[in-house]
Amino acid sequence: MIQLRKSWKITATLVLFLFLTACQLVRVDNADENKQKQKQSTPPPPPKVTVSAIGDVMMHEPQIKSGKTGNTYDYRKFFKSVGPYLSSTDLSVANLEVTLAGPSKPYQGYPQFNAPDQILDALKDSGVDVLTTANNHSNDTGEKGVIRTFNTAKKKGFHVTGTAPSPNERKGIVVDKNGIKLGFLAYTEHTNGLPVAKGKSYLVNLIDPVKIAADIKALKQQGAEFVFVSLHWGTEYQRTPNEFQKKTALKVLQAGADVILGSHPHVQQQVEKMVVNGQEKLVVYSMGNFISNQSDPYTDLGVIMYFDIMKDPKTNKVKLTKTSFLPTLVDKYKKGGKTEYLVVPLPTKTPSNPAANPRITKKKWEKSYNDVHSIITKADSFPVMVNK
Ligand SMILES: [Zn+2]
């Protein structure tokens, strides 16, 4: 009898459990249906893309040595603090100011740079996607160096613009990110007096407003909806743009560029908003060095520029919705007979965690932060000030 009552109890519990589970399933089904209905009625969010850009990536002799480990090189340590500030954006652009002519030539720094390929692994590891290679050092190891640098970067998965092994590859790149097609072009004012191989002007893009205008037009025909033009120009160590930069900026923006990314002076220069044909455009005259062994005033400072870009779902127009920036500082120090380098992000006016960067004094941190801020926001027309 006891046995029977027990089995009744079990059966009743089982029936109740199945009933409740069924109710649960119905409820889940309804929730799914509601979600589906909601999906159909609310339009998808507008396509957005975030882009970060940094200045000159240089590799002077002591930097080359710094990464030597046995028979190979590793430079990932340079960017371990700052990497997350680049990889957090959808796309990151850097100016590679060295050539990669390979180990058959000696690795060397200034004046004719030949860096180990591993600098690219370090940049890739930090989230850099696009390399601009048009600068006064592009031709440091001649035609072979230009071609090897381009091919090595492509093999490692970078988008490359500014130098090219063929006329067709010279004409810029279009990168489709989150449904927005971004165009990138790069040019340099000169190649330090080292002539580019005769009849092969495609090897290094030189600044020529007429050519730039034609390239922008062609890139837009290929589908580019927002165009970044990198210009390697200006006077070294000058914190103010010169007349050539100002005139060229206007011409390039009039030709259809949306943002100019400047570098070469090794120090920062202002960011300015220019209104061209009723449209707001932006010129970053110089981002300065991202990493180098230079020691002149302000050459240890860098800036990461951030651009938020959106496609208006009604007009399909792509526009810049926000610009911000982050100062950086190269922490250079001696360890075990070597010089070590660490690019330190300065997100706050004063160090929030001094123990994390014991070699940077409070005074140095604050001065560096202010030096970058005061220059970047110098122009009255600086567009938006939101710090990352
Ligand atoms: Zn340069």
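To be clear, the structure that these remarks concern was listed above.
Residues numbered from 1 in each chain as written. Predicted model: local features only at pLDDT ≥ 70, side-chain atom pairs only at ≥ 80, totals over all residues.

For the protein chain, the helix and strand inventory stands at 8 helices and 16 strands. Looking at the protein chain as a whole, 43% of its 388 residues are labelled buried. For the protein chain, the share of sequence-separated contacts (at least 6 apart) that also reach a separation of at least 24 residues comes to 72%. (Helix = DSSP H or I, 4+ residues; strand = E, 2+ residues; numbered from the N terminus. Buried ≥ 20, exposed ≤ 12 C-beta atoms within 10 Å, placed from the backbone. Contact = placed C-beta atoms within 7 Å.)

Look at any regular strand and the pattern is simple: side chains alternate between the two faces of the sheet. Across the 9 residues that make up strand E12 (residues 279-287), a large majority, 7, are buried. With 3 bridges connecting them, strand E10 (residues 259-263) and E12 associate as parallel partners. Along E12, the bridge assignment pairs Ile260 with Val283. Here 8 bridges tie strand E11 (residues 268-276) to E12, and the two strands are oriented antiparallel to one another. What sits directly across from Lys273, in E12, is Leu282. Counting the residues in the hairpin turn of E11 and E12 gives 2 residues, including Asn277, whose phi is positive at 50°. (Pairing = 2+ DSSP bridges.)

Here the focus is the nonpolar core. Ranked by internal contacts, the top residues of the largest apolar core, which has 94 residues, are Leu182 and Ile260. No other element matches strand E14 (residues 301-311), which puts 7 residues into this core. Beyond its immediate chain neighbours, meaning those up to four positions away, Leu182 contacts Val49, Val51, Leu91, Val175, Lys177, Ala224, Phe226 and Phe228. (Core = buried A, V, L, I, M, F, W, Y, C linked by C-beta atoms within 7 Å.)

Let us now look at helix H5 (residues 142-155). An ideal rise of 1.5 Å per residue puts 20 Å on 14 residues; H5 measures up with 20 Å between its terminal C-alpha atoms. Listed as buried for H5 are Gly145, Val146, Arg148, Thr149, Phe150 and Ala153. In this structure, the buried side of H5 is in contact with helix H4 (118-125), strand E5 (130-132) and strand E6 (159-161). One or two residues past the end of H5 sits Gly157, with phi positive at roughly 95°. (Expected span 1.5 Å × (residues − 1).)

The next subject is the sheet that holds E11. Within the open sheet, the 6 strands sit side by side as E7-E8-E9-E10-E12-E11. Their pairing is mixed. Edge positions in the sheet fall to strand E7 (173-177) and E11, since each has one partner strand and no second. In this sheet, adjacent strand axes meet at a mean angle of 20° when their direction is disregarded. (Axes fitted to C-alpha atoms, helices over the stretch in contact; angles between N-to-C directions.)

For the rest of this paragraph, the subject is the environment of Leu250. In this structure, Leu250 sits in helix H7 (residues 243-254). Sequence separation of Leu250 and Leu282 is 32 residues, and the distance between their C-alpha atoms is 10.0 Å.

Looking now at helix H8 (residues 362-376). Taking 1.5 Å as the rise per residue, H8 with 15 residues should run 21 Å; its terminal C-alpha atoms sit 21 Å apart, in good agreement. Residues of H8 that are buried make contact with E11, E14 and strand E15 (318-335).

So, about the pairing of E14. For E14, the buried fraction is high: 9 of the 11 residues fall into the buried class. Note that strand E1 (residues 48-57) and E14 share 6 bridges and pair antiparallel. For Val51, the partnering residue across the bridge sits in E14 and is Phe307. Relative to E15, E14 is paired through 11 bridges, and the arrangement is antiparallel. Bridging across to E15, Met310 finds its partner in Lys319. The turn linking E14 back onto E15 is made up of 6 residues, and Asn316 within it adopts a positive phi angle of 65°.

As a further point, take the environment of Ala134. Structurally, Ala134 can be placed in the loop between E5 and H5. Residue classification places Ala134 among the buried positions, given that 27 C-beta atoms sit within 10 Å. Distance in space between the C-alpha atoms of Ala134 and Asn205 is 6.1 Å, their sequence separation being 71 residues.

Now for unusual backbone geometry. A cis amide bond, omega 5°, links Tyr110 with the succeeding residue Pro111. Unusually for a residue other than glycine, Tyr237 sits at a positive phi of about 65°. Take Tyr237: it is sitting in the loop between strand E9 (226-232) and H7. The phi torsion at His264 lies on the positive side, around 125°, for a residue other than glycine. Residue placement: His264 occurs in the loop between E10 and E11.

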